[in-house]
Amino acid sequence: MKGRAGLAVGLAASALACALGACWYGDPRARPPDASTDAPLAGSGAPDPRDAAPDACAGLDGCGPAEAGDPCAHAAAASWLRIVTKAQPPRGRARARLAFDPSDESLVLFGGVVAGEAGDEATLTSETLRLTDNVWSAPAPPRSPSPRRDHAMTTGDGRIYLFGGQGALELSDELWEWTGATWSELCTSAACRATRPPARATAGLAYDSERRRLVLVGGTGARGATDDTWEWDGAAWTRVCGAPLPSCGFVASHALSGGAAYDRVRRRTVFLHEHVPSLTYEFDGARWTRAESAAAPPFAGGDFGHVAGTAYDPIRGVTVSLGHAGLGNYRAWEWNGVCWWDTTSRSLDGDTLHAAIAYDPRHARLVRVGGEAAAGVFDREAYERPSR
């Protein structure tokens, strides 16, 4: 491995090449072939520009965080800062979900457990909230999923998808989409409903932009932790792995939650699920592979250890997992496909359980919202970590 001086020179050269436009989102291979799509349609025969790297990045791992010869070398991450919003933040909440809405380049927050009013107990909510250029608003759509927590949400194909969650009385197996103005339930025909994944909460959900389908994995069902994997192609659900089919390499444990994100450079769905220590799996569309690393996020399951959320930072070229390693120990770890590293020099501001996290490409930042600071005490603030 090169010394500190060599690392500094390598990272400086990487940054210069990216500044000159040689790289896109931290890796030249990640440059989309067209601004409106993530990749050429399967079977089109069109070459993928990501397969050829510009000469300006030669000798480096693209323009990403790793230096040639040392895959675990990485650039320092920025600090988390509280977002000063131009309107009053919403009521404090936890176990909500956050995702980017491409239709108007805002962040959409849905559901969760919200603080009670005037001493009332906390309750589930079906509120849809929008954060646009640091201004909160409540669009009040005509249709909406029922109140729930611990659902799964992700962005793909120009919209936001929501699956499952824990309602007031039961788990959900519903699939919804948000297109910028309202929520619409999908897979409502009798034939489609018969093939839905079993109801669950705390599942991982990611959009595979290479194969243009949702990947749903894990979560907590009526009988506990699940090890099945499902895909939604826009018309129907298909079980890919898990009983009665083979597991495809993914093994359930006592884990009650996890987080998933799609690494569009490496073309893998990354799933970090709670274990002791946390286990990392990657899905290539056919099989899950357990990824080994010298270090791993210490997000063990339990009341004070969990994966709050997982998101892909395309500029740094890494998957970021946010979670708790114990009370008062909120951490952000990054994964580049080879190594995990802790990017938190101290416990994060707004030390809460069960916050929501998403990547905001409009402002090139990770955003987390809310969380539970103590029993019945919910955070109402939003925090950001710039990618640059």
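Heads up: the structure comes first, above all this text.
Residues numbered from 1 in each chain as written. Predicted model: local features only at pLDDT ≥ 70, side-chain atom pairs only at ≥ 80, totals over all residues. Heavy atoms only, no water.

## Focus: the overall build of the protein chain
Let me state the cut-off plainly: The helix count covers DSSP runs of H or I at least four residues long, the strand count covers runs of E at least two residues long, and both are numbered beginning at the N terminus. When checking whether two residues touch, look at their non-hydrogen atoms; a contact exists if any pair is within 4.5 Å. Using a 1.4 Å probe, accessible areas were evaluated by the Shrake-Rupley method; residue-level cover was limited to the displayed protein chains.
When you go through the protein chain residue by residue, the secondary structure sums to two helices and 31 strands. Put simply, 51% of the contacts in the protein chain that link residues at least 6 apart link residues at least 24 apart. Of the accessible surface of the protein chain, which amounts to about 16500 Å², a share of 53% is contributed by carbon and sulfur atoms.

## A short note on the sheet that holds strand 17 (residues 229-232)
Selection rule: Strands were regarded as paired on the criterion that DSSP finds at least two bridges between them. Axes here refer to lines fitted to C-alpha atoms; in helices the fit is confined to the stretch in contact. Angles between the N-to-C directions go from 0 to 180 degrees.
Strand order in the open sheet made by the four strands is 13-14-17-18, with antiparallel pairing throughout. Pairing within the sheet leaves two strands with one partner each, and these edge strands are strand 13 (204-208) and strand 18 (237-241). Adjacent strand axes in the sheet meet at a mean angle of 25°, parallel and antiparallel pairs treated alike. Inspection of the sheet shows strand 17 paired to strand 18 by four bridges, in the antiparallel sense. Bridge assignment links Trp230 to a residue of strand 18, and that residue is Arg239.

## Examining the state of the cysteines
The line we're drawing: The criterion for a disulfide is a pair of cysteine sulfur atoms lying within 2.5 Å. Note on classification: 1.4 Å probe, protein chains only; a residue is buried when its accessible area is under 20% of the maximum for its type, exposed when over 50%, partly exposed between these limits.
Under the criterion given, the structure shown has two disulfides. The residue that forms a disulfide with Cys187 is Cys192, at a sulfur-sulfur distance of 2.0 Å. Across the disulfide from Cys187 to Cys192, rotation about the S-S bond amounts to roughly -110°, and the bridge is consequently left-handed. Taking the relative accessible area as the measure of exposure, Cys187 reaches 8% and is therefore buried. By relative accessible area, which is 9% here, Cys192 ends up buried.

## What to know about the packing of aromatic side chains
Keep this limit in mind: Ring geometry is summarised as follows: Phe, Tyr and Trp rings, the Trp one being its six-membered ring, pair when their centres sit within 6.5 Å, and such pairs are stacked at plane angles under 30 degrees, edge-to-face over 60 and tilted between the two.
Counted by the stated rule, this structure contains seven aromatic pairs. Taking the centre distance of 5.5 Å and the plane angle of 70° together, the rings of Phe163 and Trp237 count as edge-to-face. With Phe163 in strand 10 (residues 159-163) and Trp237 in strand 18, this residue pair connects regions lying 74 residues apart in the sequence. A single burial state applies to Phe163 and to Trp237, both of which are buried. Three or more aromatic residues joined by ring pairs form one cluster here, namely Phe110, Trp178 and Trp183.

## Considerations on the sheet that holds strand 6 (residues 123-124)
Read across the open sheet, the three strands follow the order 2-5-6; overall the sheet is antiparallel. Looking at which strands have only one partner, the edges of the open sheet turn out to be strand 2 (93-94) and strand 6. Relative to strand 5 (residues 113-114), strand 2 runs antiparallel, the two being bridged by two bridges. Across the sheet, Arg93 pairs through a bridge with Val114, a residue of strand 5.

## Quick look at the nonpolar core
Condition: To qualify as a nonpolar core, a set must consist of buried Ala, Val, Leu, Ile, Met, Phe, Trp, Tyr and Cys residues joined through side-chain atoms within 4.5 Å.
Core analysis: the largest hydrophobic core is formed by 17 residues, its most contacted members being Trp80, Leu322, Tyr330, Ile357, Tyr359 and Leu366. Taken together, the elements giving at least two residues each to this core come down to strand 23 (305-313), strand 24 (318-325), strand 25 (330-335) and strand 27 (356-360). Considering every element that reaches this core, the biggest residue donor is strand 24, with three residues. Excluding residues within four positions of it along the chain, Ile357 makes contact with Leu98, Gly309, Thr310, Ala311, Leu322, Leu366, Val367 and Arg368.

## Regarding the pattern of salt bridges
Where charged atoms from two side chains of opposite charge approach closely, those side chains can pair. Under the convention used in this document: By definition here, a salt bridge exists when the distance from a side-chain nitrogen of Lys or Arg to a carboxyl oxygen of Asp or Glu is within 4 Å.
A complete count under the given rule lists 29 salt bridges for this structure. Note that Arg365 is salt-bridged to Glu384, the shortest N-O span being 2.6 Å. One end of the pair, Arg365, is in strand 28 (residues 365-369); the other, Glu384, is in strand 31 (residues 382-386), with 19 residues separating them in the sequence. Residue Arg365 is classed as buried on the basis of its relative accessible area, which comes to 3%. Salt bridges sharing partners connect three or more residues here, namely Arg95, Arg97, Arg149 and Asp150.

## So, the environment of Ala332
Looking at the element boundaries, Ala332 is found in strand 25. Residues Ala332 and Ser321 lie eleven residues apart in sequence; the distance between their C-alpha atoms is 5.8 Å. With residues near it in sequence (within four places) discarded, Ala332 still touches Trp80, Ser321, Leu322, Trp341, Asp342, Thr343 and Thr344.

## Some points on the pairing of strand 7 (residues 128-132)
Within strand 7, four of the five residues are buried, leaving the element largely enclosed by the surrounding structure. Judged from the four bridges that link them, strand 4 (residues 106-110) and strand 7 form a sheet pairing that is antiparallel. Across the sheet, Phe110 pairs through a bridge with Thr128, a residue of strand 7. As defined by bridge partners, strand 7 adjoins strand 8 (residues 135-137) across three bridges and the pair is classed as antiparallel. Bridge pairing in strand 8 places Thr132 opposite Val135. Here strand 7 folds back onto strand 8, and the loop between the two strands holds two residues, one of which, Asp133, carries a positive phi near 50°.

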